[in-house]
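Residues per chain are reported as follows:
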Amino acid sequence: MTALEISGLSKDYVDAYTGEEITAIGDVSFTVDRGEFVSILGPSGCGKTTVLNIIAGFVKQTGGTVKVGGRVVDGPGPDRGVVFQSHALFPWKTVLGNAAFGLRMKRVPPKQREATAREYLELVGLAGFEHKYPHELSGGMQQRLGVARVLANEPDVMLMDEPFASIDAQTRRKLQEDLTRVFELRRPTVFFVTHDIDEAVFLSDRVIVLSTRPSIVREIVTVDLPRPRTWRETTQLPEFRHLSNRITELLTGGAEDVHPAIDPD
Ligand SMILES: Nc1ncnc2c1ncn2[C@@H]1O[C@H](COP(=O)(O)OP(=O)(O)OP(=O)(O)O)[C@@H](O)[C@H]1O
Ligand SMILES: [Mg+2]
């Protein structure tokens, strides 16, 4: 069953200073099945965040349609949950209060929302921290809380924009493995923006590779690696290296690419 359907998406922006119109997204179409993990990769500025923001309903597209669960998206809604790069937590609420926030908005009764919030906190490794405040957590823990908060809402589609980009390499590895474990247990539908090719291959069932701006889908790469995955074992598989190299080629190859394809970070 299709959870997310993007067809003929395009987006023109007007530069606030020059008044010049730029086409960020040229023509992008893809679908994400229910319970599928799909990442999107592409050169910096090709419109990955814009695609995510359009799906979230924060930004209006110029052309094309977005459907979530068969319904046309026309603004934000509880059927989509966004995990931001920065944590976007409520500093005055406890960990438990943050995790239960969306359920409170949905008017889930207190006992039930606490039970659900605790369940997802445990799943992301935050059991025992329920009564702490966000400032008492490390960056990695705050990001886990961001993930738990969205998962607790059980959205039709979970949208993540480089959620681990600002986290140190060692913690990032752990978060990638934990996200994989949670995904394998609960099978949410995930649309994940990243710059990191290995991260995309490790996490995903399919990887969408975009071209430079105005972006089109250059290729959709299927990642047929066995699950459950662990970083150590999965990244050592010859097929992993093959997929990673193939995507690197797609991002760097092609004579029309005048911009560096990948950010050094
Ligand atoms: N609000 C805006 N107004 C004008 N131009 C914008 C706006 N938001 C994005 N753009 C432009 O649209 C293009 C795509 O931006 P977007 O942030 O979606 O790219 P991205 O692929 O997420 O980049 P990165 O990998 O650096 O995060 C860029 O050229 C950017 O400058
Ligand atoms: Mg971006």
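It should be noted that the structure appears before, not after, this text.
I will try to describe carefully the structure that is included in this document. This is a predicted model, so every value here is computed, not measured.

This next bit is on the packing of helix H4 (residues 110-123) against helix H6 (residues 169-186). H6 packs onto H4 with a crossing angle of 130° between their chain directions and a minimal axis gap of 10 Å. When the interaxial angle is binned, H4 and H6 end up oblique. Note on element contacts: H6 touches H4 through Arg181, Val182, Leu185 and Arg186, opposite Glu119, Tyr120 and Leu123. For the contact of H4 with H6, the residue count by class is four nonpolar, no polar and three charged.

Another point: the site of ligand 1. Ser44, Gly45, Lys48, Thr49 and Thr50 are the nearest of the 14 residues found near ligand 1. A distance of 2.6 Å is found between an oxygen atom of ligand 1 and a side-chain nitrogen or oxygen belonging to Ser44. Cys46 has a polar backbone atom sitting 3.2 Å from an oxygen atom of ligand 1. Compared with its free state, where it exposes 630 Å², ligand 1 has 63% of that area covered by protein. Contributing elements (two or more residues each) for the shell around ligand 1: strand S2 (21-33) and helix H1 (48-56). No other element matches the three residues that H1 contributes to the shell around ligand 1. Counted by class, the shell around ligand 1 contains five nonpolar, six polar and three charged residues.

Tracing the sequence through the fold places Ser166 in the loop between strand S7 (157-161) and H6. Residues Ser166 and Phe37, spaced 129 residues apart in sequence, show a C-alpha to C-alpha distance of 21 Å.

Here we come to the pattern of salt bridges. Within this structure, the stated rule accounts for 16 salt bridges. Taken together, the shared-partner salt bridges connect Arg71, Asp79, Arg80 and Asp156 into one network.

Turning next to the packing of aromatic side chains. All told, the structure shown has eight aromatic pairs when counted by the stated rule. Summarising the aromatic geometry, the rings of Phe30 and Phe191 are spaced 5.5 Å apart at their centres and angled 10° between planes, so their arrangement reads as stacked. Taken together, the residues Phe30 in strand S2 and Phe191 in strand S8 (residues 190-193) connect sequence positions 161 residues apart. With respect to burial, Phe30 and Phe191 carry one shared label: buried. Relative to Phe183, the ring of Phe37 has its centre 5.4 Å away and its plane inclined at 85°; by these criteria the two rings are edge-to-face. Here Phe37, found in strand S3 (residues 37-41), pairs with Phe183, found in helix H6; they are 146 residues apart in sequence, far enough to count as distant. Following the ring pairs from residue to residue traces out a cluster consisting of Phe37, Phe164, Phe183 and Phe192. The positively charged end of Arg173 is found above the aromatic ring belonging to Trp231, 3.9 Å away from the centroid.

Right, let's talk about unusual backbone geometry for a bit. Generally, phi is negative for residues other than glycine and the peptide bonds are trans, each holding for most cases. With omega at -10°, the peptide bond leading from Arg213 into Pro214 counts as cis. Along the chain, Pro214 turns up in the loop between strand S9 (206-210) and strand S10 (215-222). Cis geometry is found at the peptide bond from Arg227 to Pro228, where omega equals 0°. As for its position among the elements, Pro228 is in the loop between S10 and helix H8 (231-236).

In this section: the sheet that holds S9. Taking strand neighbours across the sheet as the criterion, the ten strands line up as S5-S4-S1-S2-S10-S9-S3-S8-S7-S6 in an open arrangement whose pairing is mixed. In this open sheet, the two edge strands, each paired with only one partner strand, are strand S5 (71-72) and strand S6 (80-83). Summarising the sheet, strand S4 (residues 63-68) and S5 pair through two bridges and their orientation is antiparallel. Across the sheet, Lys67 pairs through a bridge with Val72, a residue of S5. Packed on one face of the sheet, helix H5 (residues 139-152) meets S6 and S7 and runs near 180° to S6.

Our focus in this paragraph is the packing of H5 against H6. It is the contact of H5 with H6, at a shortest axis distance of 10 Å, that shows an interaxial angle of 20°. Between H5 and H6, the interaxial angle falls into the category roughly parallel. In this structure, H5 meets H6 at a crossing whose hand is right-handed. Residue-level contacts link Gly140, Gln143, Arg144, Val147 and Leu151 of H5 to Thr171, Lys174, Leu175, Asp178, Leu179 and Val182 of H6. Its residues placed into classes, the contact of H5 with H6 shows five nonpolar, three polar and three charged.

What counts as what
Residues numbered from 1 in each chain as written. Chains lettered and ligands numbered in written order. Predicted model: local features only at pLDDT ≥ 70, side-chain atom pairs only at ≥ 80, totals over all residues. Heavy atoms only, no water. Axes fitted to C-alpha atoms, helices over the stretch in contact; angles between N-to-C directions. Helix = DSSP H or I, 4+ residues; strand = E, 2+ residues; numbered from the N terminus. Parallel < 35°, antiparallel > 145°, perpendicular 65-115°, else oblique. Contact = heavy atoms within 4.5 Å. Nonpolar A, V, L, I, M, F, W, Y, C, P; charged D, E, K, R; others polar. Near = heavy atom within 4 Å. Polar contact = N/O pair within 3.5 Å; in protein donor to acceptor, adjacent residues only side chain to side chain. Areas by Shrake-Rupley, 256 points an atom, 1.4 Å probe, with all protein chains shown as cover. Salt bridge = Lys/Arg side-chain N within 4 Å of Asp/Glu carboxyl O. Phe/Tyr/Trp six-rings, centres within 6.5 Å; stacked < 30°, edge-to-face > 60°. Buried < 20%, exposed > 50% of the residue type's maximum accessible area, 1.4 Å probe, protein only. Lys NZ or Arg CZ within 6 Å of the ring centre and 35° of its normal. Pairing = 2+ DSSP bridges. Left-handed = near helix turned anticlockwise from the far one by under 90°.

Bear in mind that shape data such as this cannot, by itself, settle questions of function.
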